[in-house]
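Fold and geometry: a report
Listed below, chain by chain, are the residues.
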Amino acid sequence: MSRNGHIDLEFAGRIRRFRLAIGELEELQEATGVGPVVLLQRFFADEHSFVDVREVLRIGLMGGGEEAPEAYDLVRDLHERPVVPAIAAATVVLTAALERDQQEPIEPEAPKDAAPKKELPNGQMAFSEFYKGASIIGLTVADVRQMSLWQFSAFVKGHNEAHDPKAGKTLSEDEAEALWREISV
C-alpha cells in the first residue's frame, strides 16, 4: 500500500498500476451507486456484482495512468477470465484506496460543536465536503481529485496547524472523530 493509494498488481498479462484517488472514488460511487466503504464490504461479504468488479478495475486502471480506451479494453472480456483473481484484484485495489498509512496515521479534525451530517444512502461519501474544504484552504477541484484520502487528510491537518489562532492547541479525540465522520459520510 502507498500513501497516494496506488498498488501494482499483475493483471491481463503484466504488472499494472491501479489507483483510486478522490476523483476516481467519486466516479466509482457514481458508477456503482454505493460509497466505497460499502462497496468494499460487499466484496468481503461476497455480495458484489460483476459491474462492481469491472468498475473498480476499470476506474483503478485509469487512476493508475491507463488511457480510458485501454482500460475499457482490459476489462471488456473480464467475464471470460477466471473470476476469483479479478475479484481479488478489485478487493485489493479498493482496499489500497481506503487504507490509512499505518506508520504515519493522520488524525481527522473537526470542530467540537460540529453538527452531525445527514447520512447519504448506501454509504455514499459527500464529495461536496471535500471540495468545500478545499476551497477554504485554497486547493482546486483538480488538486483534490488527484489526492488520496490520506494525502487530503495530511494537507488539511497541516493547513489547520499552520493557521490555528491558538497555536499549539490540538484536537481532542472526539473532535478528530467528528471530522472523520463528516468527510466519510
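In case you missed it, the structure is sitting above this.
All of the points below concern the structure found in this document. Along every chain, residues carry numbers that run from 1 in the direction the sequence is written. Residue-level local features of this predicted model are given only where pLDDT is at least 70; pairs of side-chain atoms are given and counted only at 80 or more, and the full residue set underlies all totals for whole chains, interfaces and linings. Water and hydrogen atoms were dropped before computing side-chain values, which therefore reflect all heavy atoms in the structure.

1. So, the pairing of strand β1 (residues 6-11)
Here is the rule we go by: When DSSP locates at least two bridges between a pair of strands, those strands are taken to pair. The numbering of helices and of strands both runs from the N terminus, where a helix is a DSSP run of H or I of at least 4 residues and a strand a run of E of at least 2.
Where β1 and strand β2 (residues 14-19) come together, 6 bridges link them in antiparallel fashion. Across the sheet, residue L9 finds its bridge partner in β2, namely R16. Where β1 folds back on β2, the antiparallel hairpin that results is connected by 2 residues, among which A12 adopts a positive phi of roughly 55°.

2. Section: the packing of helix α2 (residues 36-44) against helix α3 (residues 50-63)
For clarity, the cut-off: Under this scheme, a helix contributes an axis fitted over its contacting stretch, all axes are lines through C-alpha atoms, and angles between N-to-C directions fall in the 0 to 180 degree range. Should an angle fall under 35 degrees it is taken as roughly parallel, and over 145 as roughly antiparallel, whereas 65 to 115 is taken as roughly perpendicular and any remaining angle as oblique. Crossing handedness follows the turn of the near helix against the far one: under a right angle anticlockwise gives a left-handed crossing, and clockwise gives a right-handed one. We call two residues contacting when some pair of their heavy atoms lies within 4.5 Å. Here the nonpolar group is Ala, Val, Leu, Ile, Met, Phe, Trp, Tyr, Cys and Pro; Asp, Glu, Lys and Arg are the charged ones; every other residue, Gly included, is treated as polar.
It is the contact of α2 with α3, at a shortest axis distance of 11 Å, that shows an interaxial angle of 120°. The orientation of α2 relative to α3 falls into the category oblique. Judged by the twist between their axes, the crossing of α2 over α3 is left-handed. Within the contact between the two elements, α2 uses L39, R42 and F43 and α3 uses D52, V53 and V56. Counted by class, the contact of α2 with α3 contains 4 nonpolar, no polar and 2 charged residues.

3. Comments concerning the pattern of salt bridges
Heads up, the condition is: One speaks of a salt bridge when a side-chain nitrogen belonging to Lys or Arg is within 4 Å of a carboxyl oxygen belonging to Asp or Glu.
What the rule picks out here adds up to 11 salt bridges. With a closest N to O distance of 3.6 Å, R14 and E66 form a salt bridge. In this pair, R14 is assigned in strand β2 and E66 in the loop between α3 and α4 (68-76), connecting sequence segments 52 residues apart. The salt bridge involving R76 is made with D73; its shortest N-O contact spans 2.6 Å. Taken together, the residues span about one helical turn, with R76 and D73 both in helix α4 at a distance of 3 residues.

4. Section: the packing of α2 against helix α5 (residues 83-98)
Helix packing for two helices is described by the angle between their axes and how far apart those axes are. Contact geometry of α2 with α5 gives a least axis separation of 10 Å together with a crossing angle of 145°. Note on packing geometry: the crossing formed by α2 with α5 is left-handed. Residues P36, V37, L39, L40, F43 and F44 of α2 form the contact with α5, whose participating residues are I87, A90, T91, L94, T95 and L98. Class assignment of the residues belonging to the contact of α2 with α5 gives a composition of 10 nonpolar, 2 polar and no charged.

5. Regarding the packing of aromatic side chains
Worth spelling out the cut-off: Paired rings are identified among Phe, Tyr and Trp, the last through its six-membered ring, by centres lying within 6.5 Å, and are further divided according to the angle between planes into stacked (under 30 degrees), edge-to-face (over 60) and tilted (the rest). Each residue gets one of three labels from its accessible area relative to the maximum for its type: buried under 20%, exposed over 50%, partly exposed in between, using a 1.4 Å probe on protein chains only. Lysine and arginine charges are scored as sitting over a ring when NZ or CZ, respectively, is within 6 Å of the ring centre and within 35 degrees of the ring normal.
Here the structure, examined in full by the defined rule, presents 1 aromatic pair. With 5.7 Å between their ring centres and 85° between their planes, F11 and F18 make a pair best called edge-to-face. Here F11 and F18 have matching classes, each one buried. Positioned over the ring face of F11 is R81, at 5.0 Å from the centre of the ring.

6. Description of the environment of E182
Checked against the element boundaries, E182 lands in helix α9 (residues 173-183). C-alpha of E182 to C-alpha of M125: the two residues are 57 residues apart in sequence and 9.1 Å apart in space.

7. Quick look at the nonpolar core
Heads up, the condition is: The nonpolar core is taken to be a set of buried Ala, Val, Leu, Ile, Met, Phe, Trp, Tyr and Cys residues, with the residues joined through side-chain atoms within 4.5 Å.
Judged by nonpolar contacts, the single largest core of 41 residues is most densely connected at L20, V56, L57 and L94. Where this core is concerned, the elements lending two or more residues are β1, α1 (22-32), α2, α3, α4, α5, α6 (127-137) and α8 (149-162). Setting aside its immediate chain neighbours within four residues, L94 contacts L20, L25, L28, P36, L39, L40, F43 and V56.

8. A word on α2
Inclusion rule: The arc refers to the directions leading from the helix axis to the C-beta atoms.
The set of residues buried in α2 consists of P36, L39, L40 and F43. For α2, the angular spread of the buried residues around the axis is 100°, confining them to a single face. Residues of α2 that are buried make contact with α1, α3 and α5. Two residues or fewer past α2, D46 is found with a positive phi of approximately 55°.

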